[in-house]
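So the chains spell out like this:
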2 protein chains.
Amino acid sequence: MELGSPGVAPGGVSVSAVLPAGGSGERLGGATPKQFCAVQGRPLVSYAVRAMERISWISDVIVVVSPENTETMKTIIEKYGHKKVTVVKGGITRHRSIFNGLKVFAENEFSSHLLQKPEVVIIHDAVRPFVEEDIVAKVVMAAKEHGAAGAIRPLVSTVIASAADGCLDHSLERARYRASEMPQAFLFDTIYEAYQQCTDYDLDYGTECLHLVLKYCKTNAKLVEGTADLWKVTYKRDLYAADSIIKDNLSQQVCVITNVKETLAQVGFLLPESLKSQIKVEAISQSLSKNDSHLQNIISGQCYNFVCVNVHLDISENNSFSIGMEDLTMIKKFARETKKKNILVYGLLIQCKDPLLLQETVNSAAALIMALIKDRNPELIGQLLVA
Amino acid sequence: MELGSPGVAPGGVSVSAVLPAGGSGERLGGATPKQFCAVQGRPLVSYAVRAMERISWISDVIVVVSPENTETMKTIIEKYGHKKVTVVKGGITRHRSIFNGLKVFAENEFSSHLLQKPEVVIIHDAVRPFVEEDIVAKVVMAAKEHGAAGAIRPLVSTVIASAADGCLDHSLERARYRASEMPQAFLFDTIYEAYQQCTDYDLDYGTECLHLVLKYCKTNAKLVEGTADLWKVTYKRDLYAADSIIKDNLSQQVCVITNVKETLAQVGFLLPESLKSQIKVEAISQSLSKNDSHLQNIISGQCYNFVCVNVHLDISENNSFSIGMEDLTMIKKFARETKKKNILVYGLLIQCKDPLLLQETVNSAAALIMALIKDRNPELIGQLLVA
């Protein structure tokens, strides 16, 4: 399998993608269609668009939305800086929406400017945020060869047919069947012909593009074993799962900024060591300062999604400590600033009177840092925690 | 549909349950079989057992585990105080494990004491933690009438059959098929007969109990439309989803303990008001004290899963505040104590110099409380946060 080099599609074909995003999300049980539900502050559809867009050999990404969501979609495209996207108004069913999306490449009257017709068109879903380039390339290659291809997955549950009386008629042998997932890909002319020839019944009640090309173009799609992350966000629990997966992806790095004094240099060494088994650490021994260019570079470059501030304070003899309000206010203000870039900043105070307990205290600081990073709770930014 | 009264099964039948828990969890991609994975600190199988156990009209719950996990399962039963459970050693396939579970009711040599054979036996799954009494009762009622019954769900993806060359053979019309889920229920004699008559091939390669009773007892199972929460934890993303759902369930109540002084009584009123739109609040104006009987009653009774401590401190004139180390240490110690009961305690400092900003500060305190409660991060207990 030869994958596409940057900018060159697998097999050298021209490729574009259509993302139907017109669903109402009834199964989710909320008012917002699931493709517009925010996951870690960003609508699900934006993740799916990004997944397509960052594949360099995909030229255009057509997002098909219901007419009432056109403006919402355009706002999302602007806000998240999507570049390759054309928004198209959908029909009342999934098939009609996909057909509308395809027309942008074939019919002049449908778009202000006719987009370059691709040799192969990918059909994906707005509610499958995690598709990787590898599987997309495999499906595109297979479509070039066979005319159509689609990702499949093993069935999770046995599939059964019910009789008219609501009783079991028969159950399918699980090993013989597969769940049809996305992405799928087609020679553009093949899928477009299938849509042109199919009946209104197909357009209104069908859902499976692979079925249309089989029925109308006698094209047997190649089935490509997909990865588990291709699953479709359908229920509320799937939103929870997507949220956790995205959090995990954002939680791979931490930047620790310390104002380590000479006498406590040990902490500057021990803390990163304790963290390194769990996460990639960049420790920088300097104070939190607006004017620090190193710090500003890191944040503007978005090298690190997290910054933890490690504040050491001497514990005074009367067994209490004092924190200047200015320090607290500065951390909070800084945290509010960086939050706009999805960088979460927390304060951490390591206090340890007994040098023998230093390692233990540092471990507990590391546990706190990991907890903050894994949760990514934006309400807790700017807080000063104590280890 | 007449549901069972407490202690009385629907339709007056005697009912027990078998939970196969012998799977290896290959699809999860971890070393621990998924039924033993901890979700919010508790193994998944314990949630499924609890779901069955708390249905008063279920007499026995047979958990079938692979021989190497017998001790693990017994430890779980003891730790979480499960009462109705008998652990049985499983076979090498799902069907063989279920058969072993059923034998406990029918064959003397299989168990140290023969359990009372139920009229209806429920088959559920160790990895479906959220089953409700309502659907279990419906399935049991239907099994009593039809001999067998099972929960079903609409298909999420289209199901397709592949030909020998890896290409699409045909796709199934989605509306005609259903996913077979759990729980299922059977007249005990019917399912037991099916297992006694079925072939080694069935036992080794089959998975569907409804299929066995159809094939060997000519019993067409009644199919009962189930709820979305019946889904099976299969992939890592399902563990994430289960975790979020359990967190949600634990996050319905908060107990706020304040040491409100006369001058700040407003806060004791405003804070619960601000929280009440989001959560059930019990506010108690008193300090955190080991000897406080009211507080102890709440905690020992587990009325509240969360306790937030609201600490007010005067802000001294030099623009800093001081916190006694003893206060901090006491909160941390108290939090570590209650954590053992899954009660998470956090400290919260509301500081407000300007009375005009009081409502705003209180709102930000409420947001912090909600964030802590929703995340249920055990690493953050005993911390003092500042609103």
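How each quantity is defined
Numbering of residues begins from 1 in every chain and follows the order in which that chain's sequence is written. Here chains are named by letter from A upward and ligands by number from 1 upward, in the order in which they appear as written. For a predicted model such as this one, the threshold for reporting local features is a pLDDT of at least 70, and the threshold for listing and counting side-chain atom pairs is 80 or more; totals across whole chains, interfaces and linings nevertheless cover every residue. Each side-chain value is derived from all of the structure's non-hydrogen atoms; neither hydrogens nor water enter the calculation. Helix and strand assignments follow DSSP, with helices taken as H or I runs no shorter than four residues and strands as E runs no shorter than two, numbered in order from the N terminus. For the exposure calls, accessible area comes from a 1.4 Å probe over protein chains only, and a residue counts as buried if that area is under 20% of its type's maximum, exposed if over 50%, partly exposed in between. Positive charge is attributed to Lys and Arg, negative charge to Asp and Glu, and no charge count is given to His or to the chain ends. Whenever a carboxyl oxygen of Asp or Glu lies within 4 Å of a side-chain nitrogen of Lys or Arg, that contact is scored as a salt bridge. What qualifies as a polar contact is a pair of N or O atoms within 3.5 Å, subject to a donor-acceptor requirement within protein and to the restriction that residues adjacent in sequence count only when both atoms come from side chains. Contact criterion: two residues are considered in contact whenever any of their non-hydrogen atoms come within 4.5 Å of each other. Arc definition: it is the arc formed by the directions from the helix axis to the C-beta atoms. Only the six-membered ring of Trp is used, alongside the rings of Phe and Tyr, when aromatic pairs are assigned; centres must lie within 6.5 Å, and planes under 30 degrees apart are stacked while those over 60 apart are edge-to-face, with the rest tilted. Any two strands between which DSSP finds at least two bridges are classified as paired. The quantity reported as buried area is the accessible area (1.4 Å probe) lost by two parts once they are put together, taken as the sum for both. Each residue receives one of three labels: charged for Asp, Glu, Lys and Arg, nonpolar for Ala, Val, Leu, Ile, Met, Phe, Trp, Tyr, Cys and Pro, and polar for the others, Gly being one of them.

Engineer: I'd love a proper account of the side chain of Glu53(A), names of residues and values included.
Structural biologist: Residue and element names in this part refer to chain A. By the element assignment, Glu53 lies in helix 1 (residues 44-53). Buried within the structure, Glu53 lacks any salt-bridge partner; Arg42 is the closest side chain of opposite charge, at an N-O distance of 6.7 Å. At a separation of 2.5 Å, a polar atom in the side chain of Glu53 contacts the main-chain amide nitrogen of Lys83. Once residues within four sequence positions are removed from consideration, Glu53 is found in contact with Val61, His82, Lys83, Lys84 and Val85.

Engineer: I'd love a proper account of helix 2 (residues 70-79) of chain A, names of residues and values included.
Structural biologist: Residues and elements named next belong to chain A. Inspection of helix 2 places Thr70, Met73, Ile76 and Ile77 among the buried residues, and these make up the whole buried set. The buried residues of helix 2 occupy an angular sector of 125 degrees when the element is viewed end-on, so they sit on one face. Facing away from the buried side of helix 2, by more than 90 degrees, are the exposed residues Glu71, Thr75, Glu78 and Lys79. Elements in contact with the buried residues of helix 2: strand 3 (42-43), helix 1, strand 4 (58-65) and strand 5 (85-89).

Engineer: Give a detailed account of the packing of aromatic side chains, specifying residues and quantitative values.
Structural biologist: The geometry of an aromatic ring pair is captured by the separation of the ring centres together with the interplanar angle, meaning the angle of the planes. Overall, the coordinates contain twelve aromatic pairs over all chains when judged by the stated rule. Centre to centre, the rings of Phe105(A) and Phe188(A) are 5.8 Å apart; their planes meet at 80 degrees, and the pair counts as edge-to-face. A residue pair is termed long-range when its members are at least 10 positions apart, and Phe105(A) in the loop between helix 3 (94-103) and strand 6 (120-123) and Phe188(A) in helix 5 (residues 188-197) qualify at 83 residues. Each member of the pair, Phe105(A) as well as Phe188(A), is classed as buried. With centroids separated by 5.3 Å and ring planes inclined at 15 degrees, the aromatic side chains of Phe99(B) and Tyr195(B) adopt a geometry described as stacked. Linking Phe99(B) in helix 3 (residues 94-103) with Tyr195(B) in helix 5 (residues 188-197), this pair joins segments that are 96 residues apart in sequence. In this structure, Phe99(B) and Tyr195(B) share a single accessibility class: buried.

Engineer: Give a description of the pairing of strand 16 (residues 344-350) of chain B that names residues and reports values.
Structural biologist: Residue and element names in this part refer to chain B. For strand 16, the buried fraction is high: seven of the seven residues fall into the buried class. Burial along strand 16 is two-sided: Leu344, Tyr346, Leu348 and Ile350 and Val345, Gly347 and Leu349, pointing in opposite directions, are all buried. Where strand 16 meets strand 17 (residues 384-386), three bridges bridge the pair, whose relative direction is parallel. Looking across to strand 17, one finds that Leu348 is bridged to Leu385.

Engineer: So what about the interface of chain A and chain B? Which residues, and what values?
Structural biologist: Chain A puts 71 residues into the contact, and the matching count from chain B is 71 residues. Taken together, the two surfaces of chain A and chain B that pack against each other cover about 6,400 Å², and 56% of this comes from carbon and sulfur. The tally of links between chain A and chain B comes to zero salt bridges. Where chain A packs against chain B, one counts 34 residue pairs in polar contact (both at pLDDT 80 or more). If you tally residues by element for the side of chain A that touches chain B, the top one is helix 8 (residues 236-250) of chain A, at seven residues. Taken together, the residues that form the side of chain A that touches chain B break down as 34 nonpolar, 20 polar and 17 charged.

Engineer: An account of the pairing of strand 10 (residues 177-187) of chain B is needed here, citing residue identities and associated values.
Structural biologist: In summary, the side chains of a regular strand alternate between the two faces of the sheet. Burial analysis of strand 10 of chain B places nine of its eleven residues in the buried class, which makes it a mostly covered element. Here strand 8 (residues 158-162) of chain A pairs with strand 10 of chain B via four bridges, running antiparallel. Bridging from a neighbouring strand, Ala161(A) pairs with Tyr177(B) of strand 10 of chain B. Strand direction decides the pairing type here: strand 6 (residues 120-123) of chain B and strand 10 of chain B, joined by four bridges, are antiparallel. In the sheet register, Ile123(B) faces strand 10 of chain B, and the bridge partner there is Gln184(B).

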